[in-house]
Amino acid sequence: MGQETTEQTSAENTVNYSVVNFKWLRKKNIPYVLIWILYYAWVIAFATWWTASPLTENVFNTQLRELMHAITLISSAAFVFAIRKEWFVKTARIGAVLIIAGMIVYFTASNTYARIFSAAISSVAMGCVNISILMPFVFLLNNTEKLYAVAGSNALIQIAALFLEHNAYQTVEQIVSFAILAISLSFIIFFKENDLQECENIPEPFKPKFQRKIYLALMFNCAVAILCRGVGRGILNIAAENAGSHVLTWYYLGGLAGCLIYVCFYAFTKRAYIWLGNMTFASVSVSLLLNAYSRDIREFAIPFAVLLGIGSTIGMINMYYILGVIGKKYDSMRFVRLYIFFVGIFGGVSGIAVGDLISRIGAFQFSILASVFSVVVMIAFMFISPVMEREEYVNVWGLDSQFSEIDNEQLNIFLKYKLSRREIEVCKLLLQGYTLRQISGILSIGYSTVNTYCTSIYRKTKINSRTELMQVFKDYRNK
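Visitor: Just to check I follow, could you spell out the overall build of the protein for this structure?
Guide: The number of helices and strands found in the protein is 21 helices and 0 strands. When burial is assessed residue by residue, the protein has 55% of its 479 residues classed as buried. For the protein, the share of sequence-separated contacts (at least 6 apart) that also reach a separation of at least 24 residues comes to 81%. Only carbon and sulfur atoms are counted for the fraction: they give 63% of the accessible area of the protein, which is about 20700 Å².

Visitor: Looking at this structure, how should I read helix α9 (residues 216-243)?
Guide: Three- or four-residue spacings in an α-helix give side chains the same orientation, since the helix completes a turn every 3.6 residues. With 28 residues, α9 should reach 40 Å at 1.5 Å per residue; the first-to-last C-alpha distance of 37 Å fits that figure. Considering bend angle alone, the principal kink of α9 is centred on arginine 233 and spans about 30 degrees. Within α9, 23 of the 28 residues are buried, which leaves the element mostly enclosed by the surrounding structure. In the segment just after α9, glycine 244 is the residue with positive phi, at about 115 degrees.

Visitor: What is the right way to look at the pattern of salt bridges in this model?
Guide: A side chain with one charge may pair with a side chain of the opposite charge, provided their charged atoms come close. For the structure shown, the criterion picks out 4 salt bridges. The shortest N-O distance in the salt bridge between glutamate 86 and arginine 84 comes to 3.7 Å. By relative accessible area, arginine 84 is classed as partly exposed at 47%. Put simply, glutamate 423 and lysine 460 hold a salt bridge, and the shortest N to O gap is 2.9 Å. Note that glutamate 423 is positioned in helix α17 (residues 421-431) and lysine 460 in helix α19 (residues 447-461), a separation of 37 residues in sequence. Note on glutamate 423: relative accessible area 6%, which makes it buried.

Visitor: It is not clear to me how the environment of phenylalanine 187 should be interpreted in this structure. Could you clarify?
Guide: For phenylalanine 187, the position within the fold is in the loop between α7 (170-186) and α8 (194-198). Here the alpha-carbon distance between phenylalanine 187 and tyrosine 39, two residues 148 residues apart in the chain, equals 9.8 Å. When near neighbours in sequence (up to four residues on either side) are disregarded, phenylalanine 187 contacts Pro31, Leu34, Ile35 and Leu38.

Visitor: Looking at this structure, how should I read a nonpolar patch on the surface?
Guide: Among the surface-exposed residues, Trp250, Leu253 and Ile302 lie close enough to one another that they form a single nonpolar patch of about 240 Å² accessible area. For leucine 253, the position within the fold is in helix α10 (residues 246-268). According to the relative accessible area criterion, leucine 253 is partly exposed, its value standing at 35%.

About the cut-offs
- Residues numbered from 1 in each chain as written.
- Predicted model: local features only at pLDDT ≥ 70, side-chain atom pairs only at ≥ 80, totals over all residues.
- Heavy atoms only, no water.
- Helix = DSSP H or I, 4+ residues; strand = E, 2+ residues; numbered from the N terminus.
- Buried < 20%, exposed > 50% of the residue type's maximum accessible area, 1.4 Å probe, protein only.
- Contact = heavy atoms within 4.5 Å.
- Areas by Shrake-Rupley, 256 points an atom, 1.4 Å probe, with all protein chains shown as cover.
- Expected span 1.5 Å × (residues − 1).
- Bend = angle between axes of the 7 residues up to and from the residue.
- Salt bridge = Lys/Arg side-chain N within 4 Å of Asp/Glu carboxyl O.
- Patch = residues over 30% accessible without salt bridge, like charges linked within 9 Å, V, L, I, M, F, W, Y side chains within 5 Å.

Structure, rendered in structure tokens:
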């Protein structure tokens, strides 16, 4: 009977606790989700080199985008070491004011140097806001809110990029750009200073052990930034100049497909993070191989663009989603700081430099060489993926990414009754329907010891039966 109860509970959790289930979106966190979707989309679509078109002039020209993008990445890497997460409301508001002021000067000033200076100041402020909204994203939002925030922002990026590519009126672009920016930053008004303070830190004895292999995530995402957004984007620009703007259109449509694929994988597969990592590298590898033959077979240009869009977008979504999962799993500012620094500086800035070099050289032969080199590197990374399949790596953080709540959050339900670590383990097994003798075998401790823990749990929670225990911890059982 105990085993049946456990299996039934597990089955219920699989359905009701899925990360893609909208029921886990919380009303109080909507401002943090919406600002991530709108603000992050604005930064990437309007102010970064990653979406700069080689064929049209947008709100900011390509050279200015390169400068703004590099400054924003460096500024983010600097602010992540300077800002404490409890300051996120104040720093977000200060940064927002500076961004709006800088953009007003940029759109109204006639002097070229004044416009460049205002754009540079705004980029520094963007780095401040980036880190400020990252704090609640990592430490406050649950995984469902994180997933829809990053997937939604990347979908909006593709739509905005399509708009910029096909809109012929720069004035309209400026109005749309400023409107999206102003609306996104307005959500800072709803930020509350005590939101992160109420999200209690996990006491040291209860934190999961931080393992060095977690830093594999840094290596994978640096590779994504350099190869997908750097080399891949540079090659895409060459392809667009040779084949026409329809290549960029298909690239962004592939990006929209990548957003849908990401959510679907988490909805319908187990260990989606492994499948999605492999799909990122596989899609980009195949796309670059197609590009190598696109001059001789022009029909390859479209599947090249679509697959590159799918792989790059999945990689970018995964980059931030996994940062959020691991950062909250370990309640670790150290990991967040190192992640932003290495991925931003080594991945982002170097990716811009390499991609821009490829675009400037523009030789098709160079594009082919870059494609072959990128494919070799990506295939090498794909061989590393079996490491992630090992059980000890999966248990580190991977399984948490499948569910709305990281298991650490549920500790708060037990900690308010001042249960010890071992009492929490026994209590969880009791709630799953195991008998005392089964718990004794599972934990490899004596039956009398389990009985002692059970008595202590009942005393601390002021109850007398398992039925009452089920009622006390009904929130945990519902999750």
